[in-house]
Amino acid sequence: MTIEKALVVGTGLIGTSAALSLREKGVAVHLSDVDAQAVRVARELGAGREWTGEEVDLAVIAVPPHLVGERLAELQKRGAARAYTDVASVKVDPIADAERLGCDMTSYVPGHPLAGRERSGPAAARAGLFLGRPWALCPGPGTGAEALRLTRELVSLCGAEAVTVGAAEHDSAVALVSHAPHVAASAVAASLASGDDVALSLAGQGLRDVTRIAAGNPLLWRKILSGNAVPVAAVLDRIAADLAAAASALRAGDLEDVTDLLRRGVDGHGRIPIGRSSRS
């Protein structure tokens, strides 16, 4: 193991879960966050100790996408680590920000673990969050070998599976498998606001399954969606067209189009890899 010391910047769900995973493997973890309370909770969970400026092997930047470039620039200016990665759920904009700010791109590997929960914050973190999950890595043409090796080691220590993908391809992919589904689940959940108590008393597990991710933090998801707006909108347009066609068919009493949608739904569901669920 070459990661002996790591820094986690941002002690929310993902950052604290990564810290807990690394601690289980014997890595000395340092924690940093603008929210002192979040650091305290993460520290009490055993995720590490507060960072006081020590140099580490790898810095994991676990902040919202629009802050990644800024944090990377600050950390590199301080010489905080030998290599840097992030866990933001979009990649094109943070990479562009880092380049615009003059960051050293040789020591930076953009990353994104496809794992999460509907709850947020360090109290929701757990060491096994990444086990068996895909972890996207989006190295650029100038990415250094040592930075990539250290980041791959991070993925391995967290029990995840590294998947190398281009940044633009990544953003299109997560629009389909994570971001648009979250908006669609929120639309279904929002329709429940007008339901009466009798209707909601009849809710079963199917409704809970469909709407579970809609419980995510709206402000966090606003930031995620704003960084991937066009690809998400394209997926939502396709979903909306299917739903509009189904509604028209139901009004007309012609269920052929509805049946076709249901069949395509079965086929699409069958393509989801067994044992994986995706979340930003």
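Structure shown above.
Remember, it's a predicted structure, so these values are computed and weren't measured experimentally. (Residues numbered from 1 in each chain as written. Predicted model: local features only at pLDDT ≥ 70, side-chain atom pairs only at ≥ 80, totals over all residues. Heavy atoms only, no water.)

1. Notes on helix 1 (residues 13-24)
Note the following rule: Secondary structure is summarised from DSSP: a helix means a run of H or I of at least four residues, a strand means a run of E of at least two, and numbering begins at the N terminus for each. Multiply 1.5 Å by the residue count of a helix minus one, and that product is the helix's expected span. Categorising residues by exposure relies on relative accessible area from a 1.4 Å probe, with only protein chains included: less than 20% of the type maximum marks a residue as buried, more than 50% marks it as exposed, and the intermediate range marks it as partly exposed. Residue contacts are counted whenever heavy atoms from the two residues lie within 4.5 Å of one another.
Its twelve residues place the ends of helix 1 17 Å apart at the C-alpha level, agreeing with the 16 Å of an ideal helix rising 1.5 Å per residue. Counted residue by residue, helix 1 has ten buried out of twelve residues, so it is predominantly covered. Looking only at helix 1, the buried set comprises L13, I14, G15, T16, S17, A18, A19, L20, S21 and L22. Taken together, the buried residues of helix 1 touch strand 1 (5-9), strand 2 (28-32), helix 2 (36-44), strand 7 (111-113) and helix 5 (145-157). Where helix 1 ends, the next residue or the one after it, G26, has phi of about 85°, a positive value.

2. Notes on the side chain of Q76
Put simply, the rule is: In protein, a polar contact means a hydrogen-donor-capable atom and an acceptor-capable atom, both N or O and within 3.5 Å, with residues adjacent in sequence counting only if both atoms are side-chain atoms; elsewhere, any N or O pair within 3.5 Å suffices.
Considering the arrangement of structural elements, one finds Q76 in helix 3 (residues 68-78). One polar contact links the side chain of Q76 to the main-chain amide nitrogen of D104, over a distance of 2.8 Å. Apart from residues lying up to four places away in sequence, Q76 is in contact with Y84, C103, D104 and S107.

3. Section: the environment of H170
Residue position: H170 is located in helix 6 (residues 167-191). Not counting chain neighbours up to four residues away, the residues in contact with H170 comprise S89, V90, K91, H112, A136, C138 and V165.

4. So, the nonpolar core
Worth spelling out the cut-off: In this description, a nonpolar core means a group of buried Ala, Val, Leu, Ile, Met, Phe, Trp, Tyr and Cys residues linked to one another through side-chain atoms lying within 4.5 Å.
Membership of the largest hydrophobic core comes to 36 residues, with the highest contact counts inside it found for I3, L31, F130, W135 and L154. Listing elements by their share of this core, those giving two or more residues are strand 1, helix 1, strand 2, helix 2, strand 4 (56-61), strand 8 (134-137) and helix 5. Examining the composition of this core, we find that six residues originate from one element, helix 1, more than from any other. Discounting residues that sit within four places of it in the chain, L154 has contacts with I3, L22, L58, V60, T85 and W135. Counting residues in each nonpolar core, the second largest holds 20 residues, with I61, A81, A98 and C103 among its members.

5. What about the packing of aromatic side chains?
This is how the line gets drawn: By convention, a stacked pair of Phe, Tyr or Trp rings (six-membered ring in the case of Trp) has centres within 6.5 Å and planes under 30 degrees apart, an edge-to-face pair has planes over 60 apart, and any other such pair is tilted.
Inspection of the entire model under this criterion finds one aromatic pair. Residues F130 and W135 carry aromatic rings whose centres are separated by 5.1 Å and whose planes lie at 45° to one another, so their mutual orientation is tilted. Note on accessibility: F130 and W135 belong to one class, buried.

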